[in-house]
Amino acid sequence: MQEKYKIILFSYISKIKFMTEDIKINIPNSQRDIKLSQWMKYSKILEKNKDAENNEFLNKKALEIFCDMDYKDIDKLPFSSFNGVIEHLSSIISAESELVQKFRLIGTDGVEVEFGFIPDLHKMSYGEYKDLEMYIFDEQNMHKAMAVLYRPIKYKKGDRYLIHDYEGTEYLKDVMRDTPLDAALGAKGFFLSFSEKIRSLYDGLYTQTVTGGRGSQLRESFGKKWGDYQAIHALAQGDVTRIGEVTKIGIHQCMMWLEYEKEKNDLENKLLKQQSR
């Protein structure tokens, strides 16, 4: 290797700083060193270029985003170094992410805050669950999902802790852009597994009732437009003043009531059809 490209490796705030004569590149050691905002930015570029035949552009954007490089400096990297960093990034991003219970973030006011994962997902409210279903499948809204799953710890004793009550995503969504990637991906995987269990427990809510005809098409169109609001409207019994109240009810209590109402309505409709024949 030419002397001008002599590489020095040393630890720097849990990262590796990679220096040449006129290039600086911060290489993350693990997913913990990558912010969710960086992942969201790269995911957006990846989606736009998913059909690209050449990965060179995506690799360069990975270096720019994850390693804090100036894009114009990337071509100055030695070929072997470029490939080595790309392989390293690929290995840490594809690594399996475990659930992270707690992590710390520094706010815009410079104060460090410890965040904790919802201690028991089975005790979350219906509103929390529906917000998670809305945001967690969209990479560009992952910070909002993290604002549901992680909240500031208000009390801690040993390994046990309490987090602040859920007040929607607006308050924390911007802060959660700094969520460590391992925490974000681990939490996402954990919630998806939980969501599958919920769908299995209340499978009646996720089973389509086949009726056919023009009425069926109208109901389908209505359902696409209003989505989960239909369920919230039903839980509030049509009373708009109770919508905020019902979204705070426990998820299992709401899901069981909704499944019961759906199956009861389906049965009544079937009996009416049989009587009309």
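Shown above is the structure to which this text applies.
Residues numbered from 1 in each chain as written. Predicted model: local features only at pLDDT ≥ 70, side-chain atom pairs only at ≥ 80, totals over all residues. Heavy atoms only, no water.

> An account of the nonpolar core is needed here, citing residue identities and associated values.
Where a protein is soluble and globular, its nonpolar side chains tend to be buried together. Formed by 69 residues in total, the largest nonpolar core has its most connected members in Leu63, Phe66, Met124, Met146, Leu149, Tyr150 and Met176. Considering each element in turn, this core owes the most residues, eight residues, to helix α6 (residues 181–201). Apart from the residues within four sequence positions on either side, Leu63 is in contact with Ile25, Asp68, Met69, Ile74, Leu77, Phe82, Val85, Ile86 and Leu89. (Core = buried A, V, L, I, M, F, W, Y, C linked by side-chain atoms within 4.5 Å. Buried < 20%, exposed > 50% of the residue type's maximum accessible area, 1.4 Å probe, protein only. Helix = DSSP H or I, 4+ residues; strand = E, 2+ residues; numbered from the N terminus. Contact = heavy atoms within 4.5 Å.)

> Just give me the short version of the packing of aromatic side chains, but keep the residues and values in it.
On inspection of all chains with the given rule, the structure shows eight aromatic pairs. Arranged with centres 5.8 Å apart and planes meeting at 15°, the rings of Phe103 and Phe115 form a pair that is stacked. Of this pair, Phe103 sits in strand β4 (residues 102–106) while Phe115 sits in strand β5 (residues 112–117), placing them twelve residues apart in sequence. Across the pair, exposure class does not vary: Phe103 and Phe115 are buried alike. Plain terms: the ring middles of Tyr129 and Phe191 are 5.7 Å apart, the flat faces sit at 55° to each other, and that makes the pair tilted. Of this pair, Tyr129 sits in helix α4 (residues 126–135) while Phe191 sits in helix α6, and the two are 62 residues apart along the sequence. Take Tyr129 and Phe191: they sit in the same class, and that class is buried. (Phe/Tyr/Trp six-rings, centres within 6.5 Å; stacked < 30°, edge-to-face > 60°.)

> Account for the sheet that holds β5, with residues named and values stated.
Across the sheet, four strands lie side by side as β4-β5-β6-β7; this open sheet has antiparallel pairing. A strand with exactly one partner marks an edge of an open sheet, and here the two such strands are β4 and β7 (160–163). Adjacent strand axes in the sheet meet at a mean angle of 55° when their direction is disregarded. Summarising the sheet, β5 and strand β6 (residues 150–157) pair through three bridges and their orientation is antiparallel. Within β6, the residue paired with Gly116 across the bridge is Arg151. Taken strand by strand, helix α5 (residues 142–149) contacts β5 and β6, and its axis lies near 25° from that of β6. (Pairing = 2+ DSSP bridges. Axes fitted to C-alpha atoms, helices over the stretch in contact; angles between N-to-C directions.)

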